[in-house]
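# Coordinate inspection notes
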Amino acid sequence: ARQLAGEPLTDEIQRRHWAVRAILGKVEAAMAEAGHENASRLSRRQATEALPRTLWRVRNDVVQVSRALDGAESSPALDHIRPAAFAALTASADLIRRCEAAAAADRHVDLGAWDVDQADLAAAVEQARSGRLTHTLSFEGAGRFYGLVFALQALSRNLGDLVDRIDELSGVAEVAA
């Protein structure tokens, strides 16, 4: 989100990406250990292999968003979606923190305003398209704009999947079914 505000964060982002990779490696190791515990009936909590895959997808989406923003030129289209994209990314970061807290507390994930911010972003993108703000983009500018939109949409889908995986882990999905 800070990249959207124009802060150059290349070094910080690289460090964070490497830190996330290390954490995901630990998650995969913990999932393997949990699988062994489940197999020996030491634990009743059913952690699926889908959780680390979903976390990797979220991580990769964040990398794609960062790449799309790196060196992106200001344009009417980008400037139009910038406030909604900033809000959506901020809400996504908050949702990730709520997923972590829900997983640790073995409870349902509170979406907060995340879904509203995602809908606002989708509306802003549609307004940019229908308002023909994308028609003046250079080839590279169009690639970055639509690359950003695609990455934000993928991040939204995969965060929704992450919420589902956390809810399954806590047993919320079983209660709702």
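Residues numbered from 1 in each chain as written. Predicted model: local features only at pLDDT ≥ 70, side-chain atom pairs only at ≥ 80, totals over all residues. Heavy atoms only, no water.

## A look at the environment of serine 138
By the secondary structure assignment, serine 138 is in the loop between helix H4 (114-130) and helix H5 (139-170). The exposure class of serine 138 is partly exposed, given its relative accessible area of 38%. Here the alpha-carbon distance between serine 138 and serine 75, two residues 63 residues apart in the chain, equals 9.7 Å. A distance of 2.9 Å separates a polar atom in the side chain of serine 138 from the backbone nitrogen of glycine 141. (Helix = DSSP H or I, 4+ residues; strand = E, 2+ residues; numbered from the N terminus. Buried < 20%, exposed > 50% of the residue type's maximum accessible area, 1.4 Å probe, protein only. Polar contact = N/O pair within 3.5 Å; in protein donor to acceptor, adjacent residues only side chain to side chain.)

## Comments concerning H5
Here H5 is 32 residues long and its end C-alpha atoms lie 46 Å apart, about the 46 Å a rise of 1.5 Å per residue gives. Phi turns positive, to about 90 degrees, at glycine 171, one or two residues after H5. (Expected span 1.5 Å × (residues − 1).)

## Details of the pattern of salt bridges
Counting across every chain of the model gives 6 salt bridges. Aspartate 79 is the salt-bridge partner of arginine 82, the closest N and O atoms lying 3.0 Å from each other. Of this pair, arginine 82 and aspartate 79 both sit in helix H3 (residues 76-105), 3 residues apart, roughly one helical turn. (Salt bridge = Lys/Arg side-chain N within 4 Å of Asp/Glu carboxyl O.)

## Considering helix H2 (residues 50-69)
A rise of 1.5 Å per residue sets the reference length of H2, with its 20 residues, at 28 Å; its end C-alpha atoms lie 29 Å apart and thus fit the reference within 8%. Buried within H2 we find Ala50, Leu51, Pro52, Thr54, Val58, Arg59, Asp61, Val63, Val65, Ser66, Ala68 and Leu69. Phi turns positive one or two residues past the end of H2, at glycine 71, with a value near 80 degrees.

## Overview of the packing of aromatic side chains
Scanning the entire structure with this criterion turns up 1 aromatic pair. Where phenylalanine 145 meets tyrosine 146, the ring centres are 5.1 Å apart and the plane angle is 85 degrees; that geometry is what we call edge-to-face. Judged by relative accessible area, which is 3%, phenylalanine 145 ranks as buried. (Phe/Tyr/Trp six-rings, centres within 6.5 Å; stacked < 30°, edge-to-face > 60°.)

## Some points on the nonpolar core
Ile81 and Leu148 are the most contacted members of the largest nonpolar core, which totals 34 residues. Counting only elements with at least two residues in this core, the list comes to H2, H3, H4 and H5. Once residues lying within four places of it in the same chain are set aside, the contact partners of isoleucine 81 are Leu121, Ala124, Val125, Ala128, Phe145, Leu148 and Val149. (Core = buried A, V, L, I, M, F, W, Y, C linked by side-chain atoms within 4.5 Å. Contact = heavy atoms within 4.5 Å.)

## Some thoughts on the packing of H4 against H5
Running from N to C, H4 and H5 cross one another at 155 degrees; their axes reach a closest spacing of 11 Å. If you check the angle between H4 and H5, you find them roughly antiparallel. The way H4 lies across H5 gives a crossing that is left-handed. Residue-level contacts link Trp114, Gln118, Leu121, Val125, Ala128 and Arg129 of H4 to Phe145, Tyr146, Val149, Leu152, Ser156, Leu159 and Gly160 of H5. (Axes fitted to C-alpha atoms, helices over the stretch in contact; angles between N-to-C directions. Parallel < 35°, antiparallel > 145°, perpendicular 65-115°, else oblique. Left-handed = near helix turned anticlockwise from the far one by under 90°.)

By themselves, these figures tell us nothing about what the structure is for.
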